[in-house]
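Fold and geometry: a report
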2 protein chains.
Amino acid sequence: MDKDKTSEFLTKEQIIAATQETLRRFGVGKTSVTDVAKLLGVSHGTIYRHYKSKKELLEGVTAQWLEDEIIAPLTAIAKDQSYNSEGTRHLKVYIEVLIARKRHYAESDAELFEMYARVTQESADIIAKHVKHLVRHLSEIIQQENHFQFNNPDVVATAILQATARFHHPAHAYEWQSPTIDAELAQVWLLIEKGLLHLEQERE
Amino acid sequence: MDKDKTSEFLTKEQIIAATQETLRRFGVGKTSVTDVAKLLGVSHGTIYRHYKSKKELLEGVTAQWLEDEIIAPLTAIAKDQSYNSEGTRHLKVYIEVLIARKRHYAESDAELFEMYARVTQESADIIAKHVKHLVRHLSEIIQQENHFQFNNPDVVATAILQATARFHHPAHAYEWQSPTIDAELAQVWLLIEKGLLHLEQERE
């Protein structure tokens, strides 16, 4: 990175990129604001002008990571109109991609995943916003599907997300290596799918 | 405690009781085998004769705690014959009591709950045994109920337990204080309940 850039021209994007690099090098526990400042060739006061603490910095990086790596690909799936009239199939594909993205990062980018797991426990607001986004996606899919007529699709969407938490919530990452995880997901999904079709039937 | 008892007469039960007392006093992170030995008035070698490490000691205490505080009350519920022919009601009561016990200990005995949460992440065997016990209970309830005719009740029992993980798995304890947690559980349960009734219908 350019060591001569002045603080006036330091953008949030540059700080976030440098923080990611520092996290991958030192891990979440050992990364300090000073390490990030060093990498950018600025004083730590320059970073504090944008992020008031290490906690805020980790929140900023996590919010950006969730947006780019989880929400962006899922938005494409939520907006895909080709699943219409296939019952629960669109919902299933969405949940499967959500789970695949989480597993991928837990395995291949452990330090950033660790940051996300920590922020999930400590920063309720960031995660509430993220979960709201996932619920909105699932709710849109439910409303696109001619087959479903729910009075409150957001409530149903939340229940789907929570009933599959074991397979995508970062606190369960240590269980994802299990050889039976895919068979277990298939059974939980079968239960949810039958539940959705039956909930729906009774409203018609 | 009697400071003069010799190591020959030190039972596992005494060590477990002393460890619980030490954990409540110092917390999981700061408790050492030496602290437990001190409380019992013996050398730490005496403890090591029963438990080879702090990890094994925590596992022993957790296994006993799960047995006494979670499995014992749930066994009484699983064996209760009075729910027959009430469909999913027996399963619902079982899951509600499981959730209530976990929440109770997360709130009222935080240090022992923290020990259990830690062992859950680090000692797969202890927890696998515990989960197997819960699955056996749920499977027994399914088989007692005349209404259900599943080919593999253990698989259905596992799916019920996993779909409700957010409400009883210790990694989610930080979410249990949420004012919407009970409404969310009710919606997840509704989905599971409809799923169970519909899964079952198709087999008949």
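Residues numbered from 1 in each chain as written. Chains lettered and ligands numbered in written order. Predicted model: local features only at pLDDT ≥ 70, side-chain atom pairs only at ≥ 80, totals over all residues. Heavy atoms only, no water.

As annotated in an unreviewed UniProt entry, chain A carries the name TetR/AcrR family transcriptional regulator and comes from Paenibacillus taichungensis.

A closer look at the overall build of chain A
Along the backbone of chain A there are 10 helices and zero strands. Start at the N end of chain A and walk to the C end: the helices and strands fall as α-α-α-α-α-α-α-α-α-α. For chain A, the C-alpha atoms occupy an extent of roughly 65 × 35 × 25 Å along the three principal directions. Expressed as a percentage of the 204 residues in chain A, the buried residues total 51%. The contacts of chain A with a sequence gap of at least 6 include a subset with a gap of at least 24, amounting to 67%. When the accessible surface of chain A is totalled, it reaches about 9800 Å², and 49% of it is carbon and sulfur. Separation between the mean location of the 24 positive side-chain charges and that of the 30 negative ones in chain A comes to 5 Å. (Helix = DSSP H or I, 4+ residues; strand = E, 2+ residues; numbered from the N terminus. Buried < 20%, exposed > 50% of the residue type's maximum accessible area, 1.4 Å probe, protein only. Contact = heavy atoms within 4.5 Å. Areas by Shrake-Rupley, 256 points an atom, 1.4 Å probe, with all protein chains shown as cover. Lys, Arg positive; Asp, Glu negative; His and termini not counted. Charge placed at Lys NZ, Arg CZ, Asp CG, Glu CD.)

Focus on the interface of chain B and chain A
Taken together, the contact pairs 28 residues of chain B with 28 residues of chain A. For the pair chain B and chain A, the summed buried surface comes to about 2600 Å²; carbon and sulfur atoms form 68% of the total. For the chain B face of the interface with chain A, the top three residues by lost area are Gln162(B), Tyr174(B) and Leu191(B), together amounting to 26%. Applying the counting rule to chain B against chain A returns zero salt bridges. For the interface between chain B and chain A, the tally reads eight residue pairs in polar contact (both at pLDDT 80 or more). When residues of the side of chain B that touches chain A are traced back to their parent elements, those giving at least two are helix 6 (110-122), helix 8 (153-163), helix 9 (165-168) and helix 10 (181-203) of chain B. Considering every element that reaches the side of chain B that touches chain A, the biggest residue donor is helix 10 of chain B, with 13 residues. Along the lines of polarity and charge, the residues of the side of chain B that touches chain A split into 14 nonpolar, nine polar and five charged. (Buried area = accessible area lost by both parts, 1.4 Å probe. Salt bridge = Lys/Arg side-chain N within 4 Å of Asp/Glu carboxyl O. Polar contact = N/O pair within 3.5 Å; in protein donor to acceptor, adjacent residues only side chain to side chain. Nonpolar A, V, L, I, M, F, W, Y, C, P; charged D, E, K, R; others polar.)

Looking at the relation of the copies chain B and chain A
Superposing chain B onto chain A takes a rotation of 180° plus a shift of 0.0 Å along the axis, which leaves an RMSD of 0.0 Å. Given the turn and translation reported, the copies of this chain are related as if by a two-fold rotation axis. Among all residues of chain B, the minimum C-alpha distance to the rotation axis is found for Gly195(B), at 1.8 Å. When the interface residues of chain B are mapped onto chain A, 100% of them again fall at the interface, so both copies present the same face. (Least-squares fit on C-alpha atoms with pLDDT ≥ 70 in both.)

Regarding the nonpolar core
Counting 123 residues, the largest nonpolar core has Ile160(A) and Ile160(B) as the members making the most contacts within it. When neighbours within four sequence positions are excluded, Ile160(B) is seen to be in contact with Leu191(A), Leu91(B), Ile95(B), Ile142(B), Trp189(B), Ile192(B) and Leu196(B). (Core = buried A, V, L, I, M, F, W, Y, C linked by side-chain atoms within 4.5 Å.)

A look at the UniProt feature "DNA-binding region" (unreviewed entry) in chain A
As annotated in UniProt, the feature "DNA-binding region" (unreviewed entry) corresponds to residues 32-51 of chain A in the numbering used here. For residues 32-51 of chain A, the helix share is 75%, the strand share is 0%, and the end-to-end C-alpha distance is 12 Å. (UniProt positions renumbered as here; feature names shortened; annotations may be inferred.)

Digging into the domain arrangement of chain A
All names here are of chain A. Segmenting chain A into domains produces domain 1 (7-50) and domain 2 (62-203). On a C-alpha basis, the centroid separation for the pair domain 1 and domain 2 is 32 Å. Approximately 670 Å² of surface area, both sides summed, lies buried where domain 1 meets domain 2, with 68% of it carried by carbon and sulfur atoms. Its largest share of buried area at the contact with domain 2, domain 1 owes to Leu23, Arg24 and Val28, together 67% of the area lost on that side. Linking domain 1 with domain 2 are one salt bridge, by the criterion used here. We note a salt bridge from Asp109 to Arg24, for which the minimum N-O separation is 2.9 Å. Counting the contacts that link domain 1 with domain 2 gives one residue pair in polar contact (both at pLDDT 80 or more). Taken together, the residues of the side of domain 1 that touches domain 2 break down into three nonpolar, three polar and one charged. (Domains from an automatic or database assignment.)

Quick look at helix 4 (residues 54-79) of chain A
Over its 26 residues, helix 4 of chain A runs 36 Å from end to end, which matches the ideal 38 Å to within 8%, given 1.5 Å per residue. Along helix 4 of chain A, the largest kink reaches about 40° and is centred on Ile71(A); proline Pro73(A) follows within four residues of it. (Expected span 1.5 Å × (residues − 1). Bend = angle between axes of the 7 residues up to and from the residue.)

Brief notes about the packing of helix 4 of chain A against helix 5 (residues 89-108) of chain A
All names here are of chain A. Put simply, helix 4 and helix 5 touch, their axes get as near as 10 Å, and they point 160° apart. When the interaxial angle is binned, helix 4 and helix 5 end up roughly antiparallel. As for the relative orientation of helix 4 and helix 5, their crossing is right-handed in sense. Along its contact with helix 4, which presents Trp65, Glu69, Ile70, Pro73, Leu74, Ile77 and Ala78, the element helix 5 presents His90, Val93, Tyr94, Val97, Leu98, Arg101, Lys102 and Tyr105. A per-class count over the contact of helix 4 with helix 5 returns 11 nonpolar, one polar and three charged. (Axes fitted to C-alpha atoms, helices over the stretch in contact; angles between N-to-C directions. Parallel < 35°, antiparallel > 145°, perpendicular 65-115°, else oblique. Left-handed = near helix turned anticlockwise from the far one by under 90°.)

Considering the pattern of salt bridges
On inspection of all chains with the given rule, the structure shows 21 salt bridges over all chains. Put simply, Arg166(A) and Glu175(A) hold a salt bridge, and the shortest N to O gap is 3.5 Å. Neither Arg166(A) nor Glu175(A) differs from the other in exposure class; each is buried. Among the salt bridges present, the one from Lys55(B) reaches Glu59(B), with a minimum N-O distance of 3.6 Å.

A closer look at helix 6 of chain B
Residue and element names in this part refer to chain B. Its 13 residues place the ends of helix 6 18 Å apart at the C-alpha level, agreeing with the 18 Å of an ideal helix rising 1.5 Å per residue. Among the residues of helix 6, those classed as buried are Leu112, Phe113, Met115, Tyr116, Val119 and Thr120. All buried residues of helix 6 lie within an arc of 155° about the axis, which places them on one face of the element. Considering only its buried residues, helix 6 is in contact with helix 1 (12-26), helix 4 (54-79), helix 5 (89-108), helix 7 (124-144) and helix 9. (Arc of directions from axis to C-beta.)

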